[in-house]
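What follows is the residue order along each chain.
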Amino acid sequence: MNQIRMIAEEMIRSRFAVALTGAGISTASGIPDFRGPSGIWKTFDPSLFHISYFMKDPMNSWKLFAEKMYDAIKKAKPNISHYALSRLEEMEIIKGVITQNIDDLHRKANTKEVIELHGNINFSVCTQCGRRFNIEESIKEVKANKVPLCPYCGGLVKPDVVFFGEPLSSETLRRAYDFASRSDLFLVLGSSLSVSPANQLPIVAKSNGAKLVIINAGPTEFDPYADIRVEGRVEEVFPKICKLVEEMIASKSGICDYD
Ligand code: NAD
């Protein structure tokens, strides 16, 4: 039996399937990943996205974020894989999507249960009082050469995305662990699984009895633990699985009709 059919069958059998997505699901939307062959680290030094660099030189860090990341991410649209996940949620097969991405593309594709481990590009946050703002307001200030400051407490405002060296929100992490431990099928789509603690989630799922499926172009750190490992581009593989699931369930057309 081929891997696509095996995954489709596992999805149909599952009662609580959960997906973990990484930067690889969004490369087809034109957003480069970090570590792939055309990854962001080929152009930027990762230390520029460290919280200590931001605190030392917030203006430079904001400019880098605004000019090199924000515009590219903001104009991106969901691709076929984001829509496939959303349809599978609609079909009540996928119960939640945990993402390492900050690009908001799962929400744009209308997935309802999205857990964003590393924040969301649409917001900025005060490093002192924790108030959140529409990031457009902060970007406007940056473009006028002003470091964004909190209008309530005067604290330094930063993009509300997790920089290297920053902890994740404990509530977000608790929800992610909860979904992973309740899952009976855990799908990893487009992640190198090299960023912690996100990369612990497949292990949490697996140790609670879930089947682990990894679809990625290139190796991941957890390939040896996968029950089914597909080497390939998510946007080529995953819609085929969705289509087959749909055909197997109801032989209705339209729901995952991507051909
Ligand atoms: P990563 O860059 O470490 O890994 C991405 C993986 O996806 C790589 O193994 C790459 O070979 C693979 N890949 C690339 N295109 C693919 C495709 N079309 N199909 C299948 N696989 C593909 O990214 P990560 O694992 O998500 O974690 C690193 C960090 O990157 C996270 O913290 C995340 O917040 C951040 N990030 C997010 C975005 C985004 O929001 N879109 C973009 C870049 C980085």
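These numbers come from a predicted model, not from an experiment.

**Focus: the site of the ligand**
At step 1: Residues in contact with the ligand amount to 25 residues; listed here are only the nearest, A23, R35, Q100, S192 and A217.
At step 2: Take I102: an N or O atom from its main chain is 2.8 Å from an oxygen atom of the ligand.
At step 3: Within the complex, 94% of the 850 Å² of free accessible area of the ligand lies under protein.
At step 4: Grouping the amino acids of the shell around the ligand by side-chain chemistry returns 8 nonpolar, 12 polar and 5 charged.

**A few points about the sheet that holds strand β4 (residues 119-126)**
At step 1: Here 3 strands make up an open sheet; going across it, the order is β5-β4-β6 and the pairing antiparallel. Where the open sheet ends on each side, the last strands, each with one partner, are β5 (132-134) and β6 (157-161). This sheet shows a mean twist of 45° between the axes of neighbouring strands, independent of strand direction.
At step 2: In the sheet, β4 pairs with β5 via 3 bridges, with the strands oriented antiparallel. Looking at the pairing, S124 lines up with F133 of β5.
At step 3: Packing against the sheet, helix α6 (residues 135-143) makes contact with β4, β5 and β6, and its axis sits at approximately 75° to β5.

**Looking at α6**
At step 1: Within the sequence span of α6, burial applies to I135, S138, I139 and V142. Down the axis of α6, the sector holding all buried residues measures 100°, keeping them to one side.
At step 2: In this fold, the buried residues of α6 make contact with α3 (58-74), β4, β5 and β6.
At step 3: The N-terminus of α6 is capped by N134, whose side-chain oxygen sits 2.9 Å from the backbone nitrogen of E136.

**Concerning the packing of α3 against α6**
At step 1: Two elements in contact, α3 and α6, have axes whose closest approach is 10 Å; the angle formed by their N-to-C orientations is 125°. Relative to α6, the element α3 is oriented oblique. Pair α3 / α6 crosses with left-handed handedness. Contact residues: α3 offers M59, W62, K63, F65, A66, Y70, D71 and K74, while α6 offers I135, E136, S138, I139, V142 and K143.
At step 2: Its residues placed into classes, the contact of α3 with α6 shows 8 nonpolar, 1 polar and 5 charged.

**Side note on the sheet that holds strand β9 (residues 228-231)**
At step 1: Strands sit in the order β3-β2-β1-β7-β8-β9 across an open sheet of 6 strands; the sheet is parallel. Lying at the two open borders of the sheet, with one neighbouring strand each, are β3 (114-116) and β9. Direction aside, neighbouring strands of the sheet carry axes that sit 15° apart on average.
At step 2: As defined by bridge partners, strand β2 (residues 94-99) adjoins β3 across 3 bridges and the pair is classed as parallel. Residue I98 lies in a different strand from β3, and its bridge partner there is I115.
At step 3: On the sheet, helix α4 (residues 80-90) packs against β1 (17-21), β2 and β7 (185-189) and is oriented at approximately 145° with respect to β2.

**So, the pairing of β7**
At step 1: A large share of β7 lies buried, amounting to 5 of its 5 residues.
At step 2: Burial along β7 is two-sided: the face carrying L185, L187 and L189 and the face carrying F186 and V188 are both buried.
At step 3: As paired strands, β1 and β7 are joined by 5 bridges and run parallel to one another. Paired with L20 across the strands is V188, a residue of β7.
At step 4: Bridge count for β7 against strand β8 (residues 211-216) is 5 bridges, and the pairing is parallel. The residue of β8 that forms the bridge with F186 is L212.
At step 5: One crossover worth recording links β7 to the parallel β8 by way of helix α8 (residues 201-207), and it is right-handed.

**Points about the domain arrangement of the protein chain**
At step 1: Domain boundaries assigned for the protein chain yield domain 1 (1-31 + 79-118 + 168-259) and domain 2 (39-75 + 121-161).
At step 2: Using C-alpha coordinates to define each centre, domain 1 is positioned 29 Å away from domain 2.
At step 3: Contact residues are listed per partner, giving 6 residues for domain 1 and 7 residues for domain 2.
At step 4: A combined buried area of about 560 Å² lies between domain 1 and domain 2, and 59% of that area is made up of carbon and sulfur atoms.
At step 5: One can count 0 salt bridges joining domain 1 with domain 2.
At step 6: Applying the counting rule to domain 1 against domain 2 returns 3 residue pairs in polar contact (both at pLDDT 80 or more).

The rules behind these values
The numbering scheme is per chain: residues are counted from 1 as the chain's sequence reads. The model is predicted, so local features are restricted to residues of pLDDT at least 70 and side-chain atom pairs to those at 80 or more, both for listing and for counting; the totals for chains, interfaces and linings are taken over all residues. Hydrogens are left out, water is left out, and the side-chain values use all remaining heavy atoms of the structure. Working definition: residue near molecule or strand if any one of its non-hydrogen atoms lies within 4 Å of it. Counting of polar contacts relies on pairs of N or O atoms within 3.5 Å, with two restrictions inside protein: one atom must be capable of donating a hydrogen and the other of accepting it, and residues adjacent in sequence are counted only when both atoms are side-chain atoms. All accessible areas in this document rest on Shrake-Rupley with a 1.4 Å probe, and a residue is counted as covered only by the protein chains that are shown. For this classification, the nonpolar set comprises Ala, Val, Leu, Ile, Met, Phe, Trp, Tyr, Cys and Pro, the charged set comprises Asp, Glu, Lys and Arg, and every other residue, Gly included, is treated as polar. Strands were regarded as paired on the criterion that DSSP finds at least two bridges between them. Strands here are runs of E lasting at least two residues and helices are runs of H or I lasting at least four, both read from the DSSP assignment and numbered beginning at the N terminus. In this description, a line fitted to the C-alpha atoms serves as the axis of each element, helices being fitted only across the stretch in contact, and the angle between N-to-C directions of two axes falls anywhere from 0 to 180 degrees. Residue contacts are counted whenever heavy atoms from the two residues lie within 4.5 Å of one another. Exposed residues in this analysis have more than 50% of their type's maximum accessible area, buried residues have under 20%, and partly exposed residues fall in between, with area computed by a 1.4 Å probe over protein chains only. Here, the arc refers to the directions that run from the helix axis to the C-beta atoms. To sort the angles, those under 35 degrees are grouped as roughly parallel, those over 145 as roughly antiparallel, those from 65 to 115 as roughly perpendicular, and the leftovers as oblique. Crossing handedness: left-handed means the near helix sits turned counterclockwise from the far one by under a right angle, and right-handed means the same turn made clockwise. Here is how to tell: hold the view so the strands point away, follow the path from the first strand over the helix to the second, and if it runs clockwise the crossover is right-handed. These domain boundaries are the output of an automatic or database domain assignment. Accessible-area loss on putting two parts together, using a 1.4 Å probe and summing over both, is the definition of buried area adopted here. Put simply, a salt bridge is a Lys or Arg side-chain nitrogen that is within 4 Å of an Asp or Glu carboxyl oxygen.

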